[in-house]
Amino acid sequence: MSSSDIFFGEIIGTAVLILMGAGVVAGVVLRKSKSYGAGWTVITFGWGLAVMTAVFIAGPLSGAHINPAVTVGIALDSGEWGDVPAYLGGQMLGAMLGATLAWLAYYGHFQAHLRDPEIIRIPEKPAHPGPVETHRPGPVLGVFSTAPEIRNTVQNLTTEIIATAVLVLAVLQVGVNEQLQVTALGGLIVALVVVGLGMSLGGPTGYAINPARDLGPRIVHALLPLPNKGSSDWSYAWIPVAGPLAGAALAAGISRLAF
């Protein structure tokens, strides 16, 4: 694989991943969607199928890492760092492209949802005593990026580390061939792992387990002309980046010691 193959393969694969992943979330949370209210199970299966589709499409070009944590985990395990910049650059651009495509696909639904009087009249002050959150996350930020149900830095970071370590261990043990590419069978297995992680460990933080998946769409959310969208929640944004990268390092260490 050339660096250009890797770069463009990761753009395409990560764009497909985010288009389908953000798309299933949009379908579930936007009120005018046919799948509105379908629930967390649909979201977890949607993300799993997004991973599988992205791996099958991008695999021949780049090996379909589609996740900086996977790329870093493979590099730490193998010692091969030469192509890491091409992977990371393609993943970030692809994530931003995929988020933009999801916005275009649901454009009218975003407009209708965010102009709904019930959404606009969400009170700025919390119901419980405490400081007012002046930059409250918007009502559809979850389409683009993750957010914790309980804001606790140590717990949120730990959850992302644990979940990503499981993911990267699965990739390292069942998903990578001699050329450090994610195989077709590995892609299917990893997709099922993503579904399982969503159901078991996704509840606390929304399971980013992928720095590009969270950061790229969060940037797009900040730039898009969405009405009444609220804050992009930058105070939390470092956790879905640092946690998965730390989890990848943990998984690589376990792999080298145990396998």
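Whatever comes next refers back to the structure up there.
Since the model is a prediction, treat every value here as computed from it, not as a measurement.

Each value, and the rule that gives it
- Residues numbered from 1 in each chain as written.
- Predicted model: local features only at pLDDT ≥ 70, side-chain atom pairs only at ≥ 80, totals over all residues.
- Heavy atoms only, no water.
- Axes fitted to C-alpha atoms, helices over the stretch in contact; angles between N-to-C directions.
- Helix = DSSP H or I, 4+ residues; strand = E, 2+ residues; numbered from the N terminus.
- Parallel < 35°, antiparallel > 145°, perpendicular 65-115°, else oblique.
- Left-handed = near helix turned anticlockwise from the far one by under 90°.
- Salt bridge = Lys/Arg side-chain N within 4 Å of Asp/Glu carboxyl O.
- Buried < 20%, exposed > 50% of the residue type's maximum accessible area, 1.4 Å probe, protein only.
- Contact = heavy atoms within 4.5 Å.
- Core = buried A, V, L, I, M, F, W, Y, C linked by side-chain atoms within 4.5 Å.
- Phe/Tyr/Trp six-rings, centres within 6.5 Å; stacked < 30°, edge-to-face > 60°.

Caption draft 1: Seen up close, the packing of helix α1 (residues 3-29) against helix α2 (residues 40-62). It is the contact of α1 with α2, at a shortest axis distance of 8 Å, that shows an interaxial angle of 165 degrees. As far as their axial angle goes, α2 and α1 are roughly antiparallel. Two packed elements cross with a definite hand, and for α1 against α2 that hand is right-handed.

Caption draft 2: Summary view of the pattern of salt bridges. Inspection of every chain in the model, using the stated rule, returns 4 salt bridges. One salt bridge connects R31 with D116, and the closest N-O pair in it is separated by 3.8 Å. Of this pair, R31 sits in the loop between α1 and α2 while D116 sits in the loop between α5 (107-114) and α6 (117-120); the two residues are 85 residues apart in sequence, bridging distant segments of the chain. In this structure, D214 engages R218 in a salt bridge whose closest nitrogen and oxygen atoms are separated by 2.7 Å. Pair noted here: D214 and R218 are both in helix α10 (residues 211-223), with a separation of 4 residues, about one helical turn. On the basis of relative accessibility, which here comes to 0%, the residue R218 falls in the buried class. Beyond isolated ion pairs, a larger network of salt bridges with shared partners links R31, D116 and E118.

Caption draft 3: Quick look at the side chain of T159. Mapped onto the secondary structure, T159 falls in helix α8 (residues 153-175). The class of T159 is buried, set by a relative accessible area of 11%. Beyond its immediate stretch of four places on either side in the chain, T159 contacts L201, P204 and T205.

Caption draft 4: Region of interest: the nonpolar core. Within the largest apolar cluster, 51 residues are counted, with the highest numbers of intra-cluster contacts made by L17, W47, F110, V143 and F144. Residue contacts for W47: discarding those within four places in its chain leaves L17, I18, G21, A22, V24, V25, V194, Y207 and R213.

Caption draft 5: Spotlight on unusual backbone geometry. Even without glycine at this site, A64 takes up a positive phi of about 55 degrees. On the secondary structure map, A64 appears in the loop between α2 and α3 (68-78). Not every positive phi belongs to a glycine, and N228 is a case in point at roughly 55 degrees. Relative to the helices and strands, N228 is located in the loop between α10 and α11 (239-258). Residue classification places N228 among the partly exposed residues on the basis of a relative accessible area of 42%.

Caption draft 6: Structural view of the packing of helix α4 (residues 84-105) against α10. Packing of α4 against α10 leaves a shortest axis separation of 8 Å and a crossing angle of 55 degrees. Judged by the inter-axis angle, α4 sits oblique to α10. Note that α4 runs across α10; the crossing there is right-handed. Of α10, the residues touching α4 (which contributes Q91, M92, A95, M96, A99 and T100) are A212, L215, G216, P217, I219 and V220.

Caption draft 7: Spatial organisation of the packing of aromatic side chains. Going through the model one piece at a time under the given rule, you end up with 4 aromatic pairs. Geometrically, the ring pair formed by F7 and F8 is edge-to-face, given 5.3 Å between the ring centres and 75 degrees between the ring planes. Relative accessible area serves as the criterion here: at 25%, F7 is assigned to the partly exposed category. Between F110 and F144, the aromatic rings sit 5.7 Å apart at their centres with planes inclined by 25 degrees, giving stacked as the arrangement. Placement of F110 in helix α5 and of F144 in helix α7 (residues 141-144) is noted, with a sequence separation of 34 residues between them. The exposure classification of F110 matches that of F144, with both residues buried.

Keep in mind these numbers describe shape, not what the thing actually does.
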